[in-house]
Amino acid sequence: MSETKAKDRRARPDLDLVSRAPKVLLHEHLDGGLRPRTILELAELEGYGELPEKDPKKLADWFAAGAARGSLPLYLEGFRHTIALLQTASALERVAHEFVEDMARDHVVYAEVRFAPHFHTAGGLGLDGVMSAVLRGLERGRSDFGVDVGLIVCGMRNLSPMLSFQMAELAVAHRTRGCVGFDLAGEEAGHPAKHHIEAFQLVKRMNFSITIHAGESFGPESIWQALQHCGAHRIGHGTRLIEDMVVYSGKVVSLGGLAQYVLDHRIPIEICLSSNVHTGAARSLEEHPFPRYLEKGFRVTLNTDNRLMSRTSMTQECMLAVEHYGCTLDQLEKLAINGMKSAFAHHDERLRVIFQKIKPGYAALRAECG
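Analysis parameters
The residue count restarts for each chain, going from 1 along the sequence in the order it is written. Per-residue local features of the predicted model are confined to residues with pLDDT of at least 70, and side-chain atom pairs are confined, for both listing and counting, to 80 or more; whole-chain, interface and lining totals are unaffected and use all residues. For the side-chain quantities, the full set of heavy atoms in the structure was used; hydrogens and water were omitted. Using protein atoms alone on a 1 Å grid, points that fit a 1.4 Å probe yet trap it form a cavity, whereas open point sets bounded by protein on both sides within 12 Å along at least five of seven lines form a pocket; residues with an atom within 4 Å of a point count as lining. Grid points are joined across faces, edges and corners, and a volume is the space filled by probe spheres set on the points. Helix and strand assignments come from DSSP, with helices taken as H or I runs of at least 4 residues and strands as E runs of at least 2, each series counted from the N terminus. Residue polarity is assigned by list, with Asp, Glu, Lys and Arg as charged and Ala, Val, Leu, Ile, Met, Phe, Trp, Tyr, Cys and Pro as nonpolar; anything else, Gly included, falls into the polar class. Salt bridge, as applied in this entry: a Lys or Arg side-chain nitrogen positioned within 4 Å of an Asp or Glu carboxyl oxygen. Relative accessibility thresholds used throughout: buried, under 20% of the residue-type maximum; exposed, over 50%; partly exposed, between the two (1.4 Å probe, protein chains only). Two strands are said to pair when DSSP picks up at least two bridges between them. In this analysis an axis means a line fitted to C-alpha atoms, helices contributing only their contacting stretch, and an angle means the value between N-to-C directions, from 0 to 180 degrees. Helix span is expected to be 1.5 Å times the residue number reduced by one. Stacked, edge-to-face and tilted labels apply to pairs of Phe, Tyr and Trp rings (six-membered ring for Trp) whose centres lie within 6.5 Å, assigned for plane angles under 30 degrees, over 60, and everything in between, in that order.

Caption draft 1: Region of the structure containing the layout of surface pockets. Here the largest pocket is characterised by a volume of approximately 500 Å³. As for the largest pocket, its lining consists of 27 residues, and the residues nearest its centre are Val180, Ser209, Phe344, Ala345 and His346. Listed by contribution, the elements that provide at least two residues to the lining of the largest pocket are helix 8 (127-145), strand 3 (148-156), strand 4 (179-185), helix 16 (329-342) and helix 17 (347-368). Along the lines of polarity and charge, the residues of the lining of the largest pocket split into nine nonpolar, eight polar and ten charged. By volume, the second largest pocket amounts to about 430 Å³. Lining the second largest pocket are 22 residues, with Leu76, Phe79, Met156, Ala185 and Gly186 positioned closest to its centre. Sorting the residues of the lining of the second largest pocket by element identifies helix 5 (72-75), helix 6 (79-84) and strand 3 as the ones contributing at least two each. It is helix 5 that provides the largest number of residues to the lining of the second largest pocket, a total of three residues. Here the residues of the lining of the second largest pocket are counted per class, giving twelve nonpolar, six polar and four charged.

Caption draft 2: Looking closely at the pattern of salt bridges. Counted by the stated rule, this structure contains 32 salt bridges. Among the salt bridges present, the one from Glu270 reaches Arg234, with a minimum N-O distance of 2.6 Å. Here Glu270, found in strand 9 (residues 269-271), pairs with Arg234, found in strand 6 (residues 234-237); they are 36 residues apart in sequence, far enough to count as distant. Across the pair, exposure class does not vary: Glu270 and Arg234 are buried alike. When the shortest N-O distance is used, the salt bridge between Glu333 and Arg366 registers 3.0 Å.

Caption draft 3: Structural detail: empty space enclosed by the protein. The final tally for this structure, using the stated rule, is three cavities of 30 Å³ or more. Computed from the structure, the largest cavity encloses a volume of approximately 80 Å³. Contributing to the lining of the largest cavity are Pro22, Lys23, Val24, Thr301, Leu302, Met314, Cys318, Leu332, Leu335, Ala336, Gly339 and Tyr362. Of all the secondary-structure elements, those providing two or more residues to the lining of the largest cavity are strand 1 (23-25), strand 10 (300-302), helix 15 (314-325) and helix 16. It is helix 16 that contributes the most residues to the lining of the largest cavity, four residues altogether. Classifying every residue of the lining of the largest cavity by side-chain character gives nine nonpolar, two polar and one charged.

Caption draft 4: The sheet that holds strand 4, seen in detail. The parallel open sheet is built from eight strands, whose spatial order is 1-2-3-4-5-6-9-10. Two strands lie at the open edges of the sheet, namely strand 1 and strand 10, each paired on one side alone. For this sheet the average axis-to-axis angle between neighbouring strands, irrespective of direction, equals 25 degrees. Sheet topology places strand 2 (residues 108-115) next to strand 3; six bridges connect them, and they run parallel.

Caption draft 5: Up close: helix 15. For helix 15, with twelve residues, the first-to-last C-alpha span of 16 Å sits near the 16 Å given by 1.5 Å per residue. Judged by how many residues are buried, helix 15 sits mostly within the fold: nine of twelve residues are covered. Of all the positions in helix 15, only Met314, Thr315, Glu317, Cys318, Met319, Leu320, Ala321, Val322 and Tyr325 are classed as buried.

Caption draft 6: Just unusual backbone geometry, in detail. At His237, a position not held by glycine, the phi torsion is positive, near 80 degrees. According to the relative accessible area criterion, His237 is buried, its value standing at 0%. Unusually for a residue other than glycine, Arg311 sits at a positive phi of about 40 degrees. Here Arg311 is to be found in the loop between strand 10 and helix 15.

Caption draft 7: Fine view of the packing of aromatic side chains. Throughout the structure, instances matching the rule amount to four aromatic pairs. Between the aromatic rings of Trp62 and Phe63, the centroid separation amounts to 5.0 Å while the plane-to-plane angle is 80 degrees, which identifies the pairing as edge-to-face. Note on Trp62: relative accessible area 33%, which makes it partly exposed. Ring centres of Phe182 and Phe200 lie 5.6 Å apart, and the angle between their planes is 65 degrees; on these two criteria the pair is classed as edge-to-face. Taken together, the residues Phe182 in strand 4 and Phe200 in helix 10 (residues 197-205) connect sequence positions 18 residues apart. Across the pair, Phe200 and Phe182 agree in class, each one buried.

Right, here's the structure in full:
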């Protein structure tokens, strides 16, 4: 390879290079990442007859088309099928194990996956049984595929604060088995995070980790509340933080108080490019605030959110960053390191993954480019 071509490949990495690059995933929902074939097989096993398609490709097309309608409530409609099929211990364990296998195939070296356990008790499983099944699947996956993984428990904004408190207790109770944090998900408008304050107070008292969906379908006030009322360590999505910045000719020229706080305190933002467009959090990739955040030095991470619904992968999300925002191989490495620095794994594990997997992996890719 000529020196010019090598520099070009580093400046604009191709799909082969990106697919083999080490990646970190912090924001993915377990019930939004099932394989279409697995959905069909689980439906047959459980006698579930409400799926709209019986062919894996057509089913994948149906989920993707249903999600890409520019609305978070519409985006979430497909989950009624996946949740309905995840009501047994065997199904939950299988899907968790397949999640880790999918991560390994995508060269993800560390991944966190989240879910709301109370959605999976309709078949008679108790909450501890739900958690045990998912954690068994993740641990088997870690052993089989060598990917470091963590589980995050979600409360739901639109449900009872007491249920969120129960989910927080559940998360903390399973911290020694692989649960690494607590999240609050669901529609933001009309459902303030501070209504669930007791759950967050418990998590903070127990020295545990918090991420909150905020700034996806509601403005900067939602992000401020997640940070200052609820003590979030990371922000899920955060697309509307851009509303606390002055942008002129495509460049951020000044920051409001909240944006400056997020920047100064290195608060991680879990960006999900495809999903943000599909839910209407961003009107298009061209208008997505990701490149402005990156330019100003915010600690941004790239994520998939729901691989089934958004028909994506970490490789595809990274390719969007390359093709639409000009991200270089060095910037993709920075995004992976941002993700690992922001992970809810212990400090020594974060360092191990950075120095034993991410940095050597990117060094090898750069050497390959000449």
